[in-house]
Amino acid sequence: MPEAYIVDAVRTPVGRRKGGFTEAHPADMGAHVIRALVERGDFDPSAIDDVIFGCLDAIGAQAGDIARTSALAAGLPETVPGVTIDRQCGSSQQAVHFAAQGVMSGTQDLVIAGGVQKMTQYPILSSFSVGEPFGATDPWRGCKGWEQRYPTDINQFRSAEMIADQWNLTREEMEIFALESHTRAITARTEGRFDREIVPFGELRHDEGPRDTSLAKMAALDTLVPGGRLTAAVSSQISDGAAALLIASEHAVKSHGFTPRARIHNLTVLGADPVMMLHAPIPACQRALDRAGMSIDDIDLVEINEAFASVVMAWVHDLKADHAKVNVNGGAIALGHPLGATGARLLTTLLHELERTGGRYGLLTMCEGGGQANVTIIERL
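Keep in mind that what you see is a predicted model, and the values were worked out from it rather than measured.

Conventions used here
- Per chain, the residues get numbers from 1 upward, laid out in the order the sequence is written.
- Owing to the predicted nature of the model, reporting of local features is limited to residues with pLDDT of at least 70; listing and counting of side-chain atom pairs is limited to 80 or more, with chain, interface and lining totals taken over all residues.
- By convention in this description, side-chain values take in all heavy atoms of the structure and omit both hydrogens and water.
- Labels follow the DSSP assignment, with helices taken as runs of H or I lasting at least four residues and strands as runs of E lasting at least two, numbered in each case from the N terminus.
- Note that the radius of gyration is over C-alpha atoms, with the globule rule given as 2.2 Å times the number of residues to the power 0.38.
- In this scheme, a residue with accessible area under 20% of its type's maximum is buried, one over 50% is exposed, and one in between is partly exposed, where area comes from a 1.4 Å probe on protein chains only.
- The contact rule is simple, with two residues in contact once any of their heavy atoms fall within 4.5 Å.
- The accessible surface values rely on the Shrake-Rupley method and a 1.4 Å probe; as for residues, cover is taken only from the protein chains in view.
- Classification of ring pairs uses Phe, Tyr and Trp, with its six-membered ring standing for Trp, and accepts pairs whose centres are within 6.5 Å; under 30 degrees between planes counts as stacked, over 60 as edge-to-face, and the remaining range as tilted.
- In our convention, an over-ring charge means Lys NZ or Arg CZ found within 6 Å of a ring centre and within 35 degrees of that ring's normal.
- Two strands are said to pair when DSSP picks up at least two bridges between them.
- What makes a salt bridge here is a side-chain nitrogen of Lys or Arg within 4 Å of a carboxyl oxygen of Asp or Glu, nothing more.
- By construction, the arc corresponds to the directions joining the helix axis to the C-beta atoms.
- Nonpolar cores were defined as sets of buried Ala, Val, Leu, Ile, Met, Phe, Trp, Tyr and Cys residues, with membership established by side-chain atoms within 4.5 Å.
- The disulfide criterion used throughout: a pair of cysteine sulfur atoms within 2.5 Å.

**Structural notes on the overall build of the protein chain**
Across its full length, the protein chain holds 12 helices and 10 strands. In terms of overall dimensions, the protein chain is globule-like: its C-alpha atoms have a radius of gyration of 20 Å, near the 21 Å expected for 381 residues. With respect to the principal axes defined by its C-alpha atoms, the protein chain has extents near 60 × 50 × 45 Å. Here the protein chain holds 381 residues, and 57% of them are scored as buried. Taking the contacts inside the protein chain whose residues are at least 6 apart along the sequence as the reference set, 81% of them involve residues at least 24 apart. For the protein chain, the computed accessible surface area is about 14,900 Å², with 50% contributed by carbon and sulfur atoms.

In structure tokens:
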């Protein structure tokens, strides 16, 4: 089967809610990373077969196929198409999967894959209530087939609490984990580990999320649900950002004179219980490793989205992973989670950190709405 290579990967800084991207149009954010890939690669953009972007709540300025809008705003030829996809939080990771699969199928040679999200303007669930007579927060409410199968309240906060309960995770343990995320992110930012992957946007040059916090400050917060264990401190931040990768075939690598930085080693996606929802990375990674003929010990670095501390802690426990190899530069608790862009952001960071440390294999996974998870394993070249 033909190989799919990662030629380059870039991202904007991750902006805090009402932070550095407040006045930016989301399509300009997407265009920013697309333009950077073309300029850094120094190739004819008419050779791009497609632009695949992830984006949730595709309303207002994020509507109208923002992949296409971003491509045009970036100055790409009108012949370059774009398509926007939604696999919830895994949307831009799935965009990379689709790009790699297009290349591996032999039907495409050069694809830009990534995502964009401006949560300052469109908070999570913004699109659920637009013209919706059945319910403002539950898109499946009123669907008889769904309600017959899952006659219970379903949301991510409940799922995160269920995971904390089932894996016996205390609030204090999750807060210690969250503090470590901030500490790692601040260290990475201070040491310039993100500098090669970030394309500054105006005056915004660094991630805005990491905080100099403490366990005492975290302990003072109210829980997300009465009687629960989770607080905002152990949850991902509301954020803005964009990220993109250039995926190429062997033919494109040779014809454009590219030097590939990694190859796609495994692509997996799996569904699980939509009520428990956020635990899907556990069985998905087990399947991916089995199919790749690998064990978790073969993986040098892991990026797993810190939607909530409980999600990552349960995954580390069940996969018997070494926490020292997981989210080494902090995760979404500290750096933020611009929903439709996070998968591409994580893969970008994973690639650069493999290069910095000399690791060979990296694994990316994340939980997604509806009880799903994507897994991407890359091999640094």
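There's more to say after this.
**Observations regarding the packing of aromatic side chains**
Applying the stated criterion across every chain yields a total of 4 aromatic pairs. On the basis of an interplanar angle of 50° and a centroid distance of 4.9 Å, the ring pair of W146 and Y150 is categorised as tilted. A centroid spacing of 5.9 Å and a plane angle of 80° characterise the contact between F157 and F308, whose relative ring orientation is edge-to-face. Linking F157 in helix α5 (residues 156-166) with F308 in the loop between β8 (301-304) and α10 (309-319), this pair joins segments that are 151 residues apart in sequence. Its relative accessible area of 3% is what places F308 among the buried residues. Sitting over the ring of F194, R11 keeps its end group 5.0 Å from the ring centre.

**Points about the pairing of strand β7 (residues 262-271)**
Counting buried positions over the 10 residues of β7 gives 7, a clear majority of the element. Of the strand pairs in this sheet, β7 and strand β10 (residues 372-380) are connected by 9 bridges, and their pairing is antiparallel. By the bridge assignment for β10, G271 is matched with Q372.

**Looking at the side chain of N266**
In this fold, N266 is placed in strand β7. For N266, a relative accessible area of 9% puts it in the buried group. When near neighbours in sequence (up to four residues on either side) are disregarded, N266 contacts A288, R291, A292, V375, T376 and I377.

**Regarding the pattern of salt bridges**
The full count for this structure, using the stated rule, is 15 salt bridges. With its nearest N and O atoms 2.9 Å apart, the salt bridge here joins R184 to E180. Taken together, the residues R184 and E180, both in helix α6 (residues 171-191) and 4 residues apart, mark about one turn of the helix. Overall, R184 belongs to the buried group, its relative accessible area being 13%. The shortest N-O distance in the salt bridge between R360 and E379 comes to 2.8 Å.

**Notes on helix α2 (residues 66-73)**
Turning to α2, its buried residues number three or more, namely I66, A67, S70 and A71. The buried residues of α2 occupy an angular sector of 140° when the element is viewed end-on, so they sit on one face. Tucked inside the fold, the buried residues of α2 contact α1 (26-41), β3 (50-54), β4 (82-85) and β5 (110-118).

**Focus: the environment of P81**
With respect to the helices and strands, P81 occurs in the loop between α2 and β4. With 252 residues separating them in the primary sequence, P81 and I333 have C-alpha atoms 34 Å apart. The contact partners of P81, leaving out residues within four places of it in the chain, are D49, D50, V51 and R68.

**Quick notes on the nonpolar core**
Grouped together as the largest cluster of nonpolar side chains are 50 residues, with contacts concentrated most on I299, W315, L363 and I377. Within the residue set of this core, elements represented by two or more residues are α5, α6, α9 (281-292), β8, α10, β9 (361-368) and β10. In terms of residue count, α10 provides more of this core than any other element does, 8 residues in total. Beyond its immediate stretch of four places on either side in the chain, I299 contacts L289, M294, K325, Y361, G362, L363 and I377. Among the nonpolar cores identified, the runner-up in size contains 37 residues, and V10, V51, F201 and F258 belong to it.

**Some details on the state of the cysteines**
By the definition in use, this model includes 0 disulfides. We note that C55 lacks a disulfide partner, and the nearest cysteine sulfur, in C89, lies 12 Å from it. Cysteine C89 is unpaired, with the sulfur of C367 as its nearest cysteine sulfur at 6.2 Å. Residue C89 is classed as buried on the basis of its relative accessible area of 13%.

**Re the side chain of H279**
Mapped onto the secondary structure, H279 falls in the loop between β7 and α9. Under the relative-accessibility criterion, H279 is labelled buried at 18%. Those residues in contact with H279 that sit more than four places away from it in its chain are I163, W167, A272 and D273.

**Considerations on the pairing of strand β1 (residues 5-11)**
β1 sits mainly inside the fold: 7 of its 7 residues count as buried. Two elements, β1 and β7, share 2 bridges in a ladder whose sense is antiparallel. Paired with I6 across the bridge in β7 is A262. Where β1 meets strand β6 (residues 239-248), 6 bridges bridge the pair, whose relative direction is antiparallel. Across the sheet, I6 pairs through a bridge with I247, a residue of β6.

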